Amino acid sequence: MTDMEETLERTELERLFAEAGIDYDFYRNKQNPQSIAFMAELLPLLERLYPARYHRKTVLDVGARTGSGSALLATMLDPASYARLKCTVTALDIDARMARISHALRPEMEYLVADIFEIDDRQWDIVICSHCIEHVPEPEPFLTQLRRLAREHVVISTPFRENPETRIPAHLHSFDETFLDAVGAENITIYNGFHWPHSEIVTFSLPPL
């Protein structure tokens, strides 16, 4: 790519990000590395769910935003790769502006713009929801719908035991052991993440309905 082509590409990306209300440099330096790290931290759980060789699965990444985490998973678990779990990844978000950004960055990846409660004609083997349920007004019906969309597993990652007095405004809930028990969480791991300094993170799985 020439310097002029790179300048034109960045100018177009900056326009798309501006339309979505996201600063491009904030995305590149903060949001994008965080999204990628959150998805990478789910790999041990996926390895636990699929311990034997070989599997070929479909994945839906719910709340994908710009699709950075989805793209990491699609690259690492590409059906042509050496990975024992090979996946075809679909990204999904309710915000159409995010789809425009994802299409510009990774046109080869399927990206759906939809409310998950309006999907009734498709299922995926694995449904992933990384750092999204804390933004949802009613998490338990949301998780129930994720389970309807999954054939085999739902995989969740979210901040854990956030202090309600100090958690960021966009996070509507603070999850703890009571919530995990209520939803029947399995394969629970609680850890300190590289890109989330405010609290611990929990990953867990749920069976399909």
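Every value quoted in this text rests on a predicted model; they were computed, and no experiment measured them.

## Let's talk about the layout of surface pockets
Approximately 850 Å³ is the volume found for the largest pocket. Lining the largest pocket are 35 residues; nearest its centre among them are Gly63, Arg65, His131, Cys132 and His135. Residue assignment for the lining of the largest pocket shows that the elements contributing at least two residues are helix H2 (24-40), strand S1 (55-62), strand S2 (85-93) and helix H6 (139-149). The element contributing the most residues to the lining of the largest pocket is H2, with seven residues.

## With respect to the side chain of Ser130
Secondary-structure assignment places Ser130 in strand S4 (residues 124-130). Excluding anything up to four places from it in sequence, Ser130 contacts Phe38, Leu42, Val62 and Ser157.

## Some points on unusual backbone geometry
Note the cis peptide between Arg53 and Tyr54, where omega equals -20°. With respect to the secondary-structure elements, Tyr54 resides in the loop between helix H3 (43-49) and S1. Of note, the phi angle at Asn187 is positive, near 50°, even though the residue is not glycine.

Parameters and conventions
Residues numbered from 1 in each chain as written. Predicted model: local features only at pLDDT ≥ 70, side-chain atom pairs only at ≥ 80, totals over all residues. Heavy atoms only, no water. 1 Å grid on protein atoms, 1.4 Å probe; cavity = no way out; pocket = protein on both sides within 12 Å on 5 of 7 lines; lining within 4 Å. Points joined across faces, edges and corners; volume = space filled by probe spheres on them. Helix = DSSP H or I, 4+ residues; strand = E, 2+ residues; numbered from the N terminus. Contact = heavy atoms within 4.5 Å.

Read these as spatial facts, not as claims about activity.
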